Each structure stands twice: as structure tokens, then as C-alpha cells.
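Architecture and fold: a report
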Amino acid sequence: MKFKIEKNIPNKSTHITIKNSEQELLYDIVKANYFNDNIFTFFDEKEKEILTINIQDTANNQKFNIYKKESLIGEILYDRILFRHNFIINKDKKRYRLEGDPSSMEFEIWDNDKKIANISKRAILLSEAYEVDTILLNDELLFIFGVITTIDFILFDIGN
């Protein structure tokens, strides 16, 4: 299945939407400026809050916790080593890995030996669009959308 994550950058705020291949709105994402350490809140088409991502800074790395409702469902650990970006992605005792170049937003997400998503970024005037081709559905898909928006936030919004 193919999806599009659109990030509009008209001014200081950022508006992110996720649409399916028929251009139907699936999720509307609000980005906060570290209010209570939350950076993203995902809302469904009925404006119901369904996913929240917050940040915990430590001396050596950043940890991004992903919550569905109020339950922790996964995390992304980020550590920049020299000129490489190191992401460790965990969900329900499962570890995902990235292949490709996250800094160019052209990469794949793998679950063991199975490719589960292909991500490709396209810049268009005052917006950016990510094409996501994936085999996932439901909760796994929502989690991967959280991972993609968090990686974009890490690499492009906080100046890394």
C-alpha cells in the first residue's frame, strides 16, 4: 500500500498530514514546541488523539517514546556518531533496522529479513512529501508513521 506524508512549511509552524493513495486524510499531526516534552500528537479523521511522541534528552543520546493513548508502544533511540546517524527502533520487544540514508530521507525499514516499508522524500515548493510504500496495516502502520515523522524531526527540525 502507498501513503503520502505531507509536511507544509508556510511559516514558523509545521502542519503534517498522512493520506492514503486515494488522497483521503488518515491522520492530522500537530507539532508542539516541547510542551511537556511532547513533540507530536497524531489525530485521526474524527479529531481523536491516537498517538503521542515525546522526547527525553540525556547526555549521550535522545530517546523518543511513542504512546498510543497513554500506553508506551515503542521507542526510538538516536545517537549521532561522528558523521553517522544511529537509530535504534523498538516496538513490543521487536527491533527494526534502517537501511539506506536517513539524512536524505531515502531509506527502508526492515523487520529481521523482511522489508516492511520504503520511504522516499520529495521537496515541492514550501512543502515536503514522503512517499511510503509498505506492507503493514493498522497499529504497525501507525507506529511506522510515527517513526518516519520523528526521524524527519530529528534530522531537519532540531538542526542536526
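Look up: the structure comes first, before these words.
Residues numbered from 1 in each chain as written. Predicted model: local features only at pLDDT ≥ 70, side-chain atom pairs only at ≥ 80, totals over all residues. Heavy atoms only, no water.

Regarding the overall build of the chain
- Tallying secondary structure elements over the chain gives 1 helix and 12 strands in all.
- In the chain, the succession of helices and strands from N to C terminus is β-β-β-β-β-β-β-β-β-β-β-β-α.
- Counting over 160 residues, the chain shows a buried share of 44%.
- Looking at the chain as shown, the accessible area adds up to about 9200 Å², and 49% of this sits on carbon and sulfur atoms. (Helix = DSSP H or I, 4+ residues; strand = E, 2+ residues; numbered from the N terminus. Buried < 20%, exposed > 50% of the residue type's maximum accessible area, 1.4 Å probe, protein only. Areas by Shrake-Rupley, 256 points an atom, 1.4 Å probe, with all protein chains shown as cover.)

Regarding the packing of aromatic side chains
- For the structure shown, the criterion picks out 7 aromatic pairs.
- Ring centres of Phe3 and Phe145 lie 5.4 Å apart, and the angle between their planes is 75°; this geometry places the pair in the edge-to-face category. With Phe3 in strand β1 (residues 2-8) and Phe145 in helix α1 (residues 138-157), this pair connects stretches of sequence that are 142 residues apart.
- Classification of Phe3 by relative accessible area gives buried; the value is 7%.
- Under the relative-accessibility criterion, Phe145 is labelled buried at 0%. (Phe/Tyr/Trp six-rings, centres within 6.5 Å; stacked < 30°, edge-to-face > 60°.)

Note that all results are geometric; they support no functional claim without further evidence.
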